[in-house]
Amino acid sequence: MMTGAKRKRSTVWRKIQSVRFEDVKAWCMRRLPILTWVPVYSWKENLVPDTVSGMMLAIQQVTQGLAFAVLSSVHPVFGLYGSFFPVIIYAIFGMGRHVATGTFALTSLISANAVERLVPSVRTNFTANNNSGILGLSEFEMQRIGVAAAVSFLGGIIQVVMFMLQLGSATFLLTEPVISAMTTGAASHVVTSQVKYLLGMKMPYISGPLAFFHIYAYVFENIRSVQLEALLLSLLSIVVLVLVKELNEKFHKNIKVVLPIDLLLIIATSIACYYADMEYVYGIEVVGNIPKGLPSPKAPPMSVLPEVVTEAFGVALVGYVASLALAQGSAKKFEYTVDDNQEFLAHGLSNVIPSFFFCIPSAAAMGRTALLYSTGAKTQVACLISCVLILVVIYTIGPLLYWLPMCVLASIIVVGLKGMLMQFRDLKKYWNVDKIDWSIWVSTYVFTICFAANVGLLYGVVCTIAIVIFRFPRAKTLNLKNVKEVEYKYKAEDNCGSLKQVKIVSVNSPLVFLNARKFHADLLKILQKDGMSRQCEQNTLLCSFSNGSCHGELVQPCHSERNVLILDCSGLNFFDYTGVSVLLQIYVDCKNRYIDVLLAHCKGSLIKAMQYGGNLDSENPVFFESISSAIDAIQIHRNYSKFSEQSEV
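Residues numbered from 1 in each chain as written. Predicted model: local features only at pLDDT ≥ 70, side-chain atom pairs only at ≥ 80, totals over all residues. Heavy atoms only, no water.

(A) Region of interest: the overall build of the chain. Helices and strands together make up the secondary structure of the chain, namely 27 helices and nine strands. Burial status across the chain gives 52% buried among its 649 residues. Roughly 30300 Å² of accessible area belongs to the chain as shown, and the carbon and sulfur atoms make up 63% of that amount. (Helix = DSSP H or I, 4+ residues; strand = E, 2+ residues; numbered from the N terminus. Buried < 20%, exposed > 50% of the residue type's maximum accessible area, 1.4 Å probe, protein only. Areas by Shrake-Rupley, 256 points an atom, 1.4 Å probe, with all protein chains shown as cover.)

Dropping the structure here:
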């Protein structure tokens, strides 16, 4: 008889032998997305726009890399490394074709808490040129980047573990109001952290609960220590940056290449600082010595890992949430799909591997991603091209940045956060659609600025779950009812022909963030299956959803008339902002498929919320009191269209 160990080895060996080459290939294609788009890359059509976008992206990566390294309380050169290594890793494992990974303000701010706590600074001057450590930097600077790299390493490990646990499917808990409020609050923290550089003040590092308010209290108490020269240079830089960026946005459709104002400002202020000797004459703080070349790989100090667990979780969650929102936004804009779980792996490896090269925590940034949109980038090739240019900066141009004023870097950070800060405008939208979402936004923002981004994110998720649990018992059912397609029978036989392309779907459940995405996906599956069916077989086939799953097949409509989808919303008891957004997205998707969407039995609040969305640009009525009135409107419209065609003939 076979022993237990032999039987187990035999079973494992049989499983290994059963693995086919096709299975291995499919796994590689799924986990290495670069293998799917590189073989089909169109060099003729995509290389030029990707090159232009890569050049523009490199400029922003360099400036933000320097700035966010300072924000992370480490030497600016480590920001250049953080703009190089994570970008390559994400291009291999990431699915967002227009996502620009690299240094990120929110993760830098979180890692700065660990750096300042474990390696407190006596002074924040990067001009010291002590060759006692690696790269010609002081031992103090190497200890600081060691802590930041440890945060990046552990944060990446947490993200990889979340990938292995398949927690990407739990991202539906991260609703849009929560993400918007958290990122806006974190952006407010970043702006506050730069006040000392903007004003040229010497300020101790302030952290902990209510640190946001303590910083401003310190500023007002020591207002006389403001350095006038640094303040004027900061104001001038902010005005120039905002003005030129607004002009770039206004005319970006007419010009292919936007003006690289960040680069021009750095060059101009560095030259002015050098010739005016501002560092010594006016006491303006400058970046200082930037070492040449890439460092040799070295493992982060594992001894500090237990002490940076809190910051590592913050980096893992906040970085992933912000990056996933950008990846999903780009996928929606350019019509491709993103696997939430694969993004966990991509960002996890983008933090783990670069941590061996003295990199600070990384994530995708809104400003850089928006730049890829505006400059017409097609794939991650644009990001890889930016890496080549960053490598040139690291080996040749870096030392020339010695005279760059720190207040200018702070100005670049503040203006770069404009997109996040402008999310305050979302408050009006949430108030008009769902006042509970508005209250979640406000309270999440307050928690974020009072404590930290990860605390605000946790509060927002818990608050959202609690409110949904409270609201569901008030509805007609606790569970998601079946969403089924109903056959509409007309008595008059001569009218049957006009109803062949009319599909009626009854929504018998609340439409909130818990089920909105699944409902959207299943409805699109019905439309896709409809396109593979035979033409004009019968009026309407019965098809049902069981908890959002499709169990039927629709018929391909005749091409002589437009298809019509009627959504019976009589059972839609309540909804939130995400539910309304999905209904509007369904309307747009169906319109692109030449399918008219009509809504029957809608409550006044739903009609008002959808009209506020601004996407219902149909010439014909969309909302009807009943299904029968919608059917009558379809027949009248079609009879009128036929009459018009006959009249023209």
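Moving on, there is more to tell.
(B) View of the nonpolar core. Counting 124 residues, the largest nonpolar core has Leu66, Phe78, Ile145, Val190, Leu409 and Leu417 as the members making the most contacts within it. Of all the elements, helix H8 (residues 139–164) adds the most residues to this core, at 12 residues. Leave out the neighbours within four places in its chain, and leucine 66 touches Pro76, Leu80, Ile290, Leu401, Leu404 and Leu409. Counting residues in hydrophobic clusters, the runner-up holds 36 residues, among them Tyr577, Val580, Cys590 and Val597. (Core = buried A, V, L, I, M, F, W, Y, C linked by side-chain atoms within 4.5 Å. Contact = heavy atoms within 4.5 Å.)

(C) Geometry of unusual backbone geometry. Of note, the phi angle at phenylalanine 358 is positive, near 60°, even though the residue is not glycine. Residue placement: phenylalanine 358 occurs in the loop between helix H16 (340–352) and strand S2 (362–364). Its relative accessible area of 6% is what places phenylalanine 358 among the buried residues. Phi is positive for histidine 601, close to 60°, though the residue is something other than glycine. Along the polypeptide, histidine 601 turns up in the loop between strand S8 (595–600) and helix H26 (604–613).

(D) Quick peek at helix H7 (residues 105–118). Here H7 is 14 residues long and its end C-alpha atoms lie 20 Å apart, about the 20 Å a rise of 1.5 Å per residue gives. Here H7 lies mainly inside the structure; 11 of its 14 residues are buried. Ala105, Leu106, Thr107, Ser108, Leu109, Ile110, Ser111, Ala112, Ala114, Val115 and Glu116 are the residues of H7 that are buried. In this structure, the buried side of H7 is in contact with helix H4 (43–71), strand S1 (101–103), H8, helix H9 (176–193), helix H15 (309–334) and S2. (Expected span 1.5 Å × (residues − 1).)

(E) Geometry of empty space enclosed by the protein. One pass over the full model with this rule turns up three cavities of 30 Å³ or more. In this structure, the largest cavity spans a volume of roughly 90 Å³. In terms of lining, the largest cavity is formed by 13 residues, of which the most central are Asp437, Thr464, Val468, Phe513 and Asp576. Every element with two or more residues in the lining of the largest cavity is listed here: helix H22 (435–450) and helix H23 (453–471). Examining the composition of the lining of the largest cavity, we find that four residues originate from one element, H23, more than from any other. (1 Å grid on protein atoms, 1.4 Å probe; cavity = no way out; pocket = protein on both sides within 12 Å on 5 of 7 lines; lining within 4 Å. Points joined across faces, edges and corners; volume = space filled by probe spheres on them.)

(F) Main features of the side chain of asparagine 351. Mapping asparagine 351 onto the fold places it in helix H16. Residues contacting asparagine 351, with those up to four places away along its chain left out, are Ser152, Phe153, Gly156, Gln159, Pro361 and Ser362.

(G) Structural detail: the environment of phenylalanine 513. You can see phenylalanine 513 is positioned in the loop between strand S4 (502–506) and helix H24 (516–530). Residue classification places phenylalanine 513 among the buried positions, given a relative accessible area of 5%. Along the sequence, phenylalanine 513 and tyrosine 577 sit 64 residues apart, while their C-alpha atoms lie 8.1 Å from each other.

(H) A look at the pairing of S8. Burial analysis of S8 places five of its six residues in the buried class, the great majority of the element. As a crossover connection, the stretch from strand S7 (residues 563–568) through helix H25 (residues 577–592) into S8 is right-handed. As defined by bridge partners, S8 adjoins strand S9 (residues 623–624) across two bridges and the pair is classed as parallel. Looking at S9, one finds that alanine 600 is bridged to phenylalanine 624. (Right-handed = clockwise from strand over helix to strand, strands pointing away. Pairing = 2+ DSSP bridges.)

(I) Molecular detail of the confidence of the model for the chain. Of all residues in the chain, 82% have pLDDT values of 70 or greater, and the mean over the chain is 81. Contacts of residues 475–496 to residues separated by more than four positions or lying in other chains number 59 contacts, the stretch itself having pLDDT below 50. Scored below 50 in pLDDT, residues 532–560 makes 83 contacts in the model with residues more than four places away or belonging to other chains. (pLDDT = per-residue confidence, 0-100.)

(J) Region of the structure containing the packing of aromatic side chains. Taken as a whole and assessed by the stated rule, the structure comprises 20 aromatic pairs. With a centroid separation of 3.7 Å and 5° between ring planes, the pair formed by tyrosine 320 and phenylalanine 344 is classed as stacked. Residue tyrosine 320 is found in helix H15, and its partner phenylalanine 344 is found in helix H16; the two are separated by 24 residues along the sequence. Of the two residues, tyrosine 320 and phenylalanine 344, neither departs from the other in class, the shared state being buried. Arranged with centres 5.0 Å apart and planes meeting at 65°, the rings of tyrosine 402 and tryptophan 403 form a pair that is edge-to-face. Among the aromatic residues, those joined into a ring-pair cluster are Tyr274, Tyr275, Tyr402 and Trp403. Cation over ring: lysine 333 sits above tyrosine 373, and NZ or CZ is 5.6 Å from the ring centre. Between lysine 435 and the ring centre of tryptophan 431, over which it is positioned, the NZ or CZ distance is 4.8 Å. (Phe/Tyr/Trp six-rings, centres within 6.5 Å; stacked < 30°, edge-to-face > 60°. Lys NZ or Arg CZ within 6 Å of the ring centre and 35° of its normal.)

(K) Quick peek at the pairing of S4. S4 sits mainly inside the fold: five of its five residues count as buried. What you see with S4 is no split at all: Val502, Ile504 and Ser506 on one side and Lys503 and Val505 on the other are buried throughout.

(L) Examining the packing of helix H12 (residues 228–251) against helix H19 (residues 406–416) more closely. In the contact formed by H12 and H19, the axes pass within 9 Å of each other and the chain directions differ by 40°. When the axes of H12 and H19 are compared, the crossing they make is right-handed. Residues Ala230, Leu233, Ser234, Ser237, Ile238, Leu241, Val242 and Lys245 of H12 lie in contact with H19, whose contacting residues are Cys407, Val408, Ser411, Ile412 and Val415. A breakdown of the residues in the contact of H12 with H19 according to their chemical character gives nine nonpolar, three polar and one charged. (Axes fitted to C-alpha atoms, helices over the stretch in contact; angles between N-to-C directions. Left-handed = near helix turned anticlockwise from the far one by under 90°. Nonpolar A, V, L, I, M, F, W, Y, C, P; charged D, E, K, R; others polar.)

(M) Main features of the state of the cysteines. With the rule as written, the count across this model stands at zero disulfides. Looking at cysteine 387, it has no disulfide partner, and the nearest cysteine sulfur is the one in cysteine 383, 7.3 Å off. Unpaired in terms of disulfides, cysteine 569 finds its nearest cysteine sulfur in cysteine 602, a separation of 4.0 Å. (Disulfide = S-S within 2.5 Å.)

(N) Broad picture of the pattern of salt bridges. According to the stated counting rule, one finds six salt bridges in the structure shown. Here glutamate 176 ties to lysine 429 by a salt bridge, and the two come within 3.6 Å at their closest N and O atoms. A residue pair is termed long-range when its members are at least 10 positions apart, and glutamate 176 in helix H9 and lysine 429 in helix H21 (residues 426–433) qualify at 253 residues. For glutamate 176, a relative accessible area of 36% gives the class partly exposed. With a shortest N-O distance of 2.0 Å, lysine 418 and glutamate 246 are connected by a salt bridge. You can see lysine 418 sitting in helix H20 (residues 418–421) and its partner glutamate 246 sitting in helix H12, a full 172 residues away along the chain. Here lysine 418 falls in the partly exposed class, since its relative accessible area comes to 29%. Residues joined in a network through salt bridges with shared partners are Glu176, Asp426 and Lys429. (Salt bridge = Lys/Arg side-chain N within 4 Å of Asp/Glu carboxyl O.)

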